[in-house]
Amino acid sequence: MSKILHIETSTTVCSVCISENETCKHSRENFTGNNHSELIGVFVRDLLQESNLRPQDLDAVSLSIGPGSYTGLRIGTSFAKGLCYGSEIPLITIPTLKIIAQNALEKYNIEEDALLCPMIDARRMEVYRCIYDTRLNEVSATEPEIIDENSFAEILKDRKIYFCGNGAEKCKQFITHKNAVFLSDVYPLATSMIKLANEAYNNKDFADLAYFEPFYLKAAHVTVPKNQLGVRS
């Protein structure tokens, strides 16, 4: 049985859980924001105690790797890599937008032929987005986009798209096609990493601890505030 610790710190939510195979055993979530560095160590310690596990008893750690808050990603990455190095266990990395899409599939009954578009807020009308089908195959790669009335117009002619994540709400005023559906209360949560992490674990799809870095926004043409979406302060 695979015992995996899941860490998600890419947005204002700090979320951690421990799973055995695809079952969540214990979890912690905090939605108040800006306190990841205070919470993550306490959350992990408590979950290990509740599970009667030592760090070295874990089979892997899975980590949400962005896009998202630079500070949050750094905190989660530093903690996860330190734990993996110290306990000699592998690291599994999962894109944040894929975790949001998985959370949407868990919360809502979405048609099989529909598409999902998770979004991370940047500033003004900018978002980071990706498009998945309901099997979480990537239809359109992760990229920044400035949202206007023409966004996704061609796809929406033929397919229903479910928009979700903390960048979706502000897009309602521009994306008004009848095939556009906006989902509320969809977050990147550690519990939504379980299925994805187990697939990676079974395939031995592990990150290289020596060289891995989370997703940071480096494209100079995208304007974002400091401490958000990977911009160094």
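Refer to the structure presented above.
All of the points below concern the structure found in this document. Everything quoted here is computed from the prediction, not taken from an experiment. (Residues numbered from 1 in each chain as written. Predicted model: local features only at pLDDT ≥ 70, side-chain atom pairs only at ≥ 80, totals over all residues. Heavy atoms only, no water.)

**A word on the packing of aromatic side chains**
Each aromatic ring pair is characterised by the separation of its centres together with the angle its planes make.
Then comes step 1: Applying the stated criterion across every chain, the model contains five aromatic pairs.
Then comes step 2: Measuring from ring centre to ring centre gives 5.1 Å for F152 and F163, while their planes differ by 65°; the resulting arrangement is edge-to-face. Of this pair, F152 sits in the loop between β8 (138-146) and α4 (153-156) while F163 sits in strand β9 (residues 161-164), and the two are eleven residues apart along the sequence.
Then comes step 3: We classify F152 as buried; its relative accessible area is 8%.
Then comes step 4: In this structure F163 comes out as buried when scored by relative accessible area, which is 0%. (Phe/Tyr/Trp six-rings, centres within 6.5 Å; stacked < 30°, edge-to-face > 60°. Helix = DSSP H or I, 4+ residues; strand = E, 2+ residues; numbered from the N terminus. Buried < 20%, exposed > 50% of the residue type's maximum accessible area, 1.4 Å probe, protein only.)

**With respect to the side chain of T9**
Then comes step 1: Here T9 lies in the loop between β1 (3-8) and β2 (14-20).
Then comes step 2: A relative accessible area of 1% places T9 in the buried class.
Then comes step 3: With sequence-adjacent residues up to four places away left out, T9 is seen in contact with C14, H36, I40, G72, L73 and G76. (Contact = heavy atoms within 4.5 Å.)

**Section: the nonpolar core**
Then comes step 1: Ranked by internal contacts, the top residues of the largest apolar core, which has 28 residues, are I94, A104, I110 and L183.
Then comes step 2: Those elements giving two or more residues to this core turn out to be β5 (91-94), α3 (96-107), β6 (115-121), β7 (126-133), β9 and α5 (194-202).
Then comes step 3: Here this core gets five residues from one element, more than from any other, and that element is α3.
Then comes step 4: When neighbours within four sequence positions are excluded, L183 is seen to be in contact with A104, Y108, I110, Y162, F163 and C164.
Then comes step 5: With 23 residues, the next largest nonpolar core counts I7, V16, I40 and L209 among its residues. (Core = buried A, V, L, I, M, F, W, Y, C linked by side-chain atoms within 4.5 Å.)

All quantities given are derived from atomic positions and should not be read as evidence of function.
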